[in-house]
Amino acid sequence: MKHVLIINGANLNLLGTREPHIYGAQTLDDVVAHLAQVGAEYGMKISHFQHNGEGEIVSRIHAARGDVDYIIINAGAYTHTSIAIRDALAGVAIPFVEVHISNVHAREAFRHHSYLSDKAVGVIVGLGTYGYEAALRFIALQAGCFKT
């Protein structure tokens, strides 16, 4: 059974209420529950971690080594600032997909650069919360998981 860890960074706990015109009306709990259902269809174990603190995210990535097969990460604003998260992901060598709910390239210039993208196996931007599902289905394909 493949284990996929979904990591969400700063402010993603506010999904559904924070700028719904950009991020949509689904809550993070809604997204995680849906991903658990999709993961179950493929026989995958889904875990979730959200934290607003950079250090806690780094520590969770470190703890994933040897336990997690893939990571889906939306680091939020840390995408554009955190060398520490980048180094943690590189250090554990767990393949990951970077997800952004909004199209960061159509937004402020400071959001156009990601410290994670060149290390990711894929990057999904602008698909709303469906981007998480797209990432999970991609991982299922890569991992050879088939619908049960």
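These numbers were taken from a predicted model, which means no experiment stands behind them.

A. Summary view of the nonpolar core. Counting 26 residues, the largest nonpolar core has Val 4, Met 44, Ile 72, Tyr 132 and Leu 136 as its most contacted members. Only strand E1 (3-8), helix H2 (28-41), strand E3 (70-74), strand E4 (96-100) and helix H5 (130-143) provide two or more residues apiece to this core. A per-element tally of this core places H5 first, with 7 residues. Dropping the residues within four chain positions of it, Leu 136 is found in contact with Val 4, Leu 35, Val 38, Gly 39, Met 44, Ile 46 and Ile 72. One finds Leu 5, Ile 7, Ala 64 and Ile 85 within the second-largest nonpolar core, a separate group that totals 21 residues.

B. Quick peek at the UniProt feature "site: Transition state stabilizer" (unreviewed entry) in the protein chain. If you check UniProt for "site: Transition state stabilizer" (unreviewed entry), the listed places come out as Arg 18 in our numbering. Inspection of the secondary structure assignment puts Arg 18 in the loop between E1 and helix H1 (20-23). In this structure Arg 18 touches Asn 11 and Tyr 23, once residues within four positions along its chain are discounted.

C. Highlighting the sheet that holds strand E5 (residues 122-125). Here we have 5 strands laid out as an open sheet, ordered E2-E1-E3-E4-E5, and parallel in their pairing. Each edge of the open sheet carries a strand with a single partner, namely strand E2 (45-50) and E5. Put simply, the sheet's adjacent strands are angled 15° from each other on average, direction ignored. The pairing of E4 with E5 spans 4 bridges and is parallel. Bridge pairing in E5 places Val 97 opposite Gly 122. Against the sheet, H2 touches E1 and E2, its axis set at about 160° to E2.

D. Examining the pairing of E4 more closely. In terms of residue burial, E4 counts as a mostly covered element, since 5 of its 5 residues are buried. Side chains Phe 96, Glu 98 and His 100 project from E4 onto one buried face, and the interleaved Val 97 and Val 99 project onto a second face that is buried too. As paired elements, E3 and E4 share 3 bridges and run parallel to each other. Within E4, the residue paired with Ile 71 across the bridge is Phe 96. A crossover connection joins E3 to the parallel E4 through helix H4 (residues 83-92); in handedness this β-α-β unit is right-handed.

The rules behind these values
Residues numbered from 1 in each chain as written. Predicted model: local features only at pLDDT ≥ 70, side-chain atom pairs only at ≥ 80, totals over all residues. Heavy atoms only, no water. Core = buried A, V, L, I, M, F, W, Y, C linked by side-chain atoms within 4.5 Å. Buried < 20%, exposed > 50% of the residue type's maximum accessible area, 1.4 Å probe, protein only. Helix = DSSP H or I, 4+ residues; strand = E, 2+ residues; numbered from the N terminus. Contact = heavy atoms within 4.5 Å. UniProt positions renumbered as here; feature names shortened; annotations may be inferred. Pairing = 2+ DSSP bridges. Axes fitted to C-alpha atoms, helices over the stretch in contact; angles between N-to-C directions. Right-handed = clockwise from strand over helix to strand, strands pointing away.

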